[in-house]
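# Geometric and topological summary
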Amino acid sequence: MKLPQLPEPRGELSAVVAEALRGEPADHDYPIEAARLADPFGEDLQLALHVCYELHYRGFDSVNPDWEWNPGLLRLRSAMEDTFLAALRDGVSGGDDISGVLDALLVEPVDGTGISHYLRDGGEWWQVCEYFVHRSIYHHKEADPHAWVIPRLQGQAKAALVAVEFDEFGGGRGERMHSQLYVDLLAGAGLETGYLHYLDVAPASMLAVVNMMSLFGLHRSLRGALVGHFAAAEITTAPSAQRMVKALRRLEADPACVLFFTEHVEADAVHEQVMRRDVIGDLLTREPELTESVVFGVQATDLLEDRFAAEVLGAWRANRPSLRQS
Ligand SMILES: [Fe+2]
Ligand SMILES: [Fe+2]
């Protein structure tokens, strides 16, 4: 299996992490204080965190897999997580109105201003390709971060979440896994298909979305937030996938590009119901004290997706690329 290369550092934290991983697992003098003071949404912290999390997924070329549980590196990661999590909590309104926050996601404004609206209404092919590149950071590991939560759920909530994951993982068929459909999409668009091939050009605003999933998935204390995030993603995917289908048909894209989104139009309409009723409903009956955590997961998803969309659309409206130039 071809593993990704360690990315180019974007500052002190990501440089220290990359430098350490080039050697054998050992203790280092990590810049814990710098991690506490770093810009929570900045390029350096988000990349360093992403690299630390990747050790739990496929890892990197020539990096010893035992780094995954290295206590010193975990200490640094923990300091970065604290910084990131505090900023997420700061950036949302909180509360315990789970129906209210989920219903708000269902309201489709006629004059929506998201990325998929932009692409549907007049986006150009280079912009579609940029969007594919951004999202590859997640879709190469689609549904993996959510699998961490399975042992932390019980009963109907667990059974229903696994049913959704079963679809994400292709219903038992490797070629139907959504991560594989995304590889096919990249190939159909003439882009590179390698796992994390585009990590160096993905901005912090994209990495933050994926880091949030890993953060929520890897901490049992954040299992409510992971479920909230998952529900929010499933609710918003079907309508945005519908708009992507329109954009891609208008631009006469390869059928493999369209298939990824048509698959999500149908699947996520069902997933949305299952996540709301069977996963969140059952979880909060069992553990009502998790309500605020679920709400937080929904709101944090909204916050980071909005930040990402604002950055991408800001660049496109100024006729600039939205990807980092490597
Ligand atoms: Fe999916
Ligand atoms: Fe889904």
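Everything discussed here concerns the structure shown above.
What comes next concerns the included structure. Model, not experiment: these values are computed from the prediction.

Once that is clear, we can look at empty space enclosed by the protein. One pass over the full model with this rule turns up two cavities of 30 Å³ or more. In this model, the largest cavity occupies a volume close to 40 Å³. Along the walls of the largest cavity sit C52, L55, H56, W67, E68, L73, L74 and R77, which together make up its complete lining. Here the element with the most residues in the lining of the largest cavity is helix α4 (residues 71-90); it accounts for three residues. In terms of lining, the second largest cavity is formed by P7, P9, S14, V17, A18, L47 and V51. At the level of secondary structure, the elements contributing two or more residues to the lining of the second largest cavity comprise α1 (12-21) and α3 (43-54). Per-element tally for the lining of the second largest cavity: the top contributor is α1, with three residues.

With that settled, the discussion passes to the coordination of the iron ion (ligand 2). For the iron ion (ligand 2), the full set of protein donor atoms is E168 (OE), E234 (OE), E234 (OE), D268 (OD) and H271 (ND1), at a range of 2.0 to 2.7 Å. Site description for the iron ion (ligand 2): donor spacing in sequence, E-x65-E-x33-D-x2-H. For the pair the iron ion (ligand 2) and the iron ion (ligand 1), the metal-to-metal distance amounts to 4.1 Å, and E168 bridges them. On the criterion of sequence distance, the pair formed by E234 in helix α12 (residues 223-250) and H271 in helix α13 (residues 255-286) is long-range, its members being 37 residues apart. Relative accessible area serves as the criterion here: at 1%, H271 is assigned to the buried category.

Counted by the stated rule, this structure contains 14 salt bridges. Between E305 and R135 there is a salt bridge, and its shortest N-O distance comes to 2.8 Å. On the criterion of sequence distance, the pair formed by E305 in helix α14 (residues 291-317) and R135 in helix α7 (residues 125-139) is long-range, its members being 170 residues apart.

This next bit is on the packing of α3 against α4. For the pair α3 and α4, the least separation of the axes is 10 Å and the interaxial angle reads 130°. With respect to their mutual orientation, α3 and α4 come out oblique. When you trace α3 past α4, the crossing you get is left-handed. Here α3 contributes L45, Q46, A48, L49, C52 and Y53 to the contact with α4, which in turn contributes L73, R77, M80, E81, T83 and F84. Here the contact of α3 with α4 is composed, by residue class, of eight nonpolar, two polar and two charged.

Okay, the coordination of the iron ion (ligand 1) next. Protein coordination at the iron ion (ligand 1) comes from E142 (OE), E168 (OE), H178 (ND1) and H264 (NE2), with a distance range of 1.9 to 2.2 Å. One way to put it: the four donor atoms around the iron ion (ligand 1) meet at angles of 83 to 167°, and that makes the site irregular. In the primary sequence, the donor residues of the iron ion (ligand 1) line up as E-x25-E-x9-H-x85-H. According to the relative accessible area criterion, H264 is buried, its value standing at 3%.

Our focus in this paragraph is the layout of surface pockets. The probe, sized like a water molecule, is rolled over the atoms to show the empty space still left. Space inside the largest pocket adds up to approximately 1,100 Å³. Surrounding the largest pocket, 45 residues form its lining, R135, T236, T237, S240 and E305 being those nearest its centre. Elements with a minimum of two residues in the lining of the largest pocket: α5 (98-106), α6 (115-122), α7, α11 (204-218), α12, α13 and α14. If you tally residues by element for the lining of the largest pocket, the top one is α12, at 11 residues. In this structure, the second largest pocket encloses a volume near 230 Å³. In terms of lining, the second largest pocket is formed by 13 residues, of which the most central are P4, Q5, Y195, L196 and H197.

With that settled, the discussion passes to α3. End to end, α3 covers 16 Å across 12 residues, agreeing with the expected 16 Å (1.5 Å per residue, within 8%). Across the 12 residues that make up α3, a large majority, 11, are buried. Taken together, the buried positions of α3 are occupied by D44, L45, Q46, L47, A48, L49, H50, V51, C52, Y53 and E54. Packed against the buried residues of α3 are α1, α2 (32-37), α4, α7 and α11.

Let us now look at the packing of aromatic side chains. Using the criterion set out here, one finds nine aromatic pairs in the structure. Relative to W316, the ring of W126 has its centre 6.4 Å away and its plane inclined at 75°; by these criteria the two rings are edge-to-face. Of this pair, W126 sits in helix α7 while W316 sits in helix α14, and the two are 190 residues apart along the sequence. One aromatic cluster in this structure is built from W125, F132, Y182, F260 and F261. The ring of Y57 is capped by K141, whose NZ or CZ atom sits 4.7 Å from the centre of that ring.

Conventions we followed
- Residues numbered from 1 in each chain as written.
- Chains lettered and ligands numbered in written order.
- Predicted model: local features only at pLDDT ≥ 70, side-chain atom pairs only at ≥ 80, totals over all residues.
- Heavy atoms only, no water.
- 1 Å grid on protein atoms, 1.4 Å probe; cavity = no way out; pocket = protein on both sides within 12 Å on 5 of 7 lines; lining within 4 Å.
- Points joined across faces, edges and corners; volume = space filled by probe spheres on them.
- Helix = DSSP H or I, 4+ residues; strand = E, 2+ residues; numbered from the N terminus.
- Donors = N, O, S within 2.8 Å, 3.2 Å for Na, K, Ca; no water.
- Buried < 20%, exposed > 50% of the residue type's maximum accessible area, 1.4 Å probe, protein only.
- Salt bridge = Lys/Arg side-chain N within 4 Å of Asp/Glu carboxyl O.
- Axes fitted to C-alpha atoms, helices over the stretch in contact; angles between N-to-C directions.
- Parallel < 35°, antiparallel > 145°, perpendicular 65-115°, else oblique.
- Left-handed = near helix turned anticlockwise from the far one by under 90°.
- Contact = heavy atoms within 4.5 Å.
- Nonpolar A, V, L, I, M, F, W, Y, C, P; charged D, E, K, R; others polar.
- Tetrahedral: all angles 85-135°; square planar, octahedral: opposite > 155°, others 65-115°.
- Expected span 1.5 Å × (residues − 1).
- Phe/Tyr/Trp six-rings, centres within 6.5 Å; stacked < 30°, edge-to-face > 60°.
- Lys NZ or Arg CZ within 6 Å of the ring centre and 35° of its normal.

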